[in-house]
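Notes for the structure review
So the chains spell out like this:
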Amino acid sequence: PPTQPADVNAHIGGTIKGITAKLDYIAAQGFNAIMLTPVYEGKAYHGYHITDYDKVDPLFGDWNDFDNLVKEVHKRGMKIICDFVPNHCHIDNKIFKNCQLPKGSHHPWFLYDKAKKDYVTFLGCPDLPKFDLYNRAAADFMINVAKILALKNIDGIRIDHAIGVPFDFLRELRCAVK
């Protein structure tokens, strides 16, 4: 049976260039689409602990590698779907770090538990503060992140933990990326 690595955040898996190199094999198996976990810079190999929405995690590659992958996927008549995480970020994300500063401008972008006098976390994970997507600025920011991804000519996004995202946000997101 497979064993867990000693470091649960150790890089497991490949790179964007590695996927690109295997596209002929993937297509030959009869697949017509691929789905990527989040590619943004983050603190965990799986991509869900995002620290920077402007950068691809260097473990995966860079935006040029991503753009080439999209082009090569489409060249083979396949689709590409990207996982999108509007719920939370990692505590080392510059947006969250800003909210912790005195009078930090991003403070209202996050949810807080007034009784505990602390930020609300995603599924109880202390490293993952939850965005307040009812906050107009936070919602606009996350929608813009998705629009940038859509402008890279991807074919779809999958919303991570969609049950935790306000329906109004999802409606706005859908309209924005269409």
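The structure we're discussing is the one just above.
To keep things clear, this report deals only with the structure shown in the data block. (Residues numbered from 1 in each chain as written. Predicted model: local features only at pLDDT ≥ 70, side-chain atom pairs only at ≥ 80, totals over all residues. Heavy atoms only, no water.)

What about the sheet that holds strand β4 (residues 79-84)?
Threshold: Any two strands between which DSSP finds at least two bridges are classified as paired. Put simply, DSSP marks the helices as runs of H or I at least four residues long and the strands as runs of E at least two long, and each gets a number from the N terminus on. Under this scheme, a helix contributes an axis fitted over its contacting stretch, all axes are lines through C-alpha atoms, and angles between N-to-C directions fall in the 0 to 180 degree range.
Read from one edge to the other, the open sheet built from three strands follows the order β1-β4-β9, with strand pairing classed as parallel. Edge positions in the sheet fall to β1 (33-36) and β9 (156-159), since each of these pairs with one other strand and no more. If you compare each strand with its neighbour and ignore which way they point, the axes differ by 25° on average. As paired elements, β4 and β9 share four bridges and run parallel to each other. Bridge pairing links D83 to R158 in β9.

Quick word on unusual backbone geometry
The phi angle at N153 is positive, at roughly 75°, despite the residue not being glycine. With respect to the helices and strands, the residue N153 is situated in the loop between α5 (136-150) and β9.

A closer look at the packing of aromatic side chains
Basically, it comes down to this: Note on aromatic contacts: the rings of Phe and Tyr and the six-membered ring of Trp form a pair at centre separations within 6.5 Å, being stacked when their planes are under 30 degrees apart, edge-to-face when over 60 apart, and tilted otherwise. Whether a residue is buried, partly exposed or exposed follows from its accessible area with a 1.4 Å probe, protein chains only, as a fraction of its type maximum: under 20%, in between, or over 50%, in that order.
The tally for this structure, following the rule as stated, stands at eight aromatic pairs. Seen from their ring centres, F96 and F110 are 5.0 Å apart, and the 80° between their planes marks the pair as edge-to-face. One end of the pair, F96, is in helix α4 (residues 94-99); the other, F110, is in the loop between α4 and β5 (112-113), with 14 residues separating them in the sequence. The same class applies to F96 and to F110, which are both buried. Taken together, a centroid distance of 4.8 Å and an interplanar angle of 75° make the contact between F96 and Y119 edge-to-face. With F96 in helix α4 and Y119 in strand β6 (residues 118-119), this pair connects stretches of sequence that are 23 residues apart. Neither F96 nor Y119 differs from the other in exposure class; each is buried. Ring pairing ties together the aromatic residues Y40, Y53, W63, F66, W109 and F141, which thus form one cluster.

As for the pattern of salt bridges
Put simply, the rule is: Definition used for salt bridges: Asp or Glu carboxyl oxygen within 4 Å of a side-chain nitrogen of Lys or Arg.
In the structure shown here, the tally under the stated rule is 15 salt bridges. Across the salt bridge formed by K17 and D65, the nearest N and O atoms sit 4.0 Å from each other. Of this pair, K17 sits in helix α1 (residues 16-21) while D65 sits in helix α3 (residues 63-75), placing them 48 residues apart in sequence. Note on K17: relative accessible area 56%, which makes it exposed. With relative accessibility at 14%, the residue D65 sits in the buried group. A salt bridge links K43 to D92, with the shortest nitrogen-to-oxygen separation between them at 3.2 Å. With K43 in the loop between β2 (40-42) and β3 (50-56) and D92 in the loop between β4 and α4, the pair connects residues that are 49 residues apart, well separated along the chain. Overlapping salt bridges bring together D24, K71, E72, K75 and R76 as one network.

Considerations on the environment of G124
Considering the arrangement of structural elements, one finds G124 in the loop between β7 (121-122) and β8 (125-129). For the pair G124 and N93, spaced 31 residues apart in sequence, the C-alpha to C-alpha distance is 18 Å.

Looking at the nonpolar core
Put simply, the rule is: As used here, the term nonpolar core means buried Ala, Val, Leu, Ile, Met, Phe, Trp, Tyr and Cys residues forming a set that is joined through side-chain atoms within 4.5 Å.
In terms of nonpolar packing, the biggest core is built from 42 residues, with I34, Y53, F66 and F131 touching the most fellow members. Of all elements in the fold, only α2 (23-28), β1, β3, α3, β4, α4, α5 and α6 (167-177) reach the threshold of two or more residues within this core. Considering every element that reaches this core, the biggest residue donor is α5, with seven residues.

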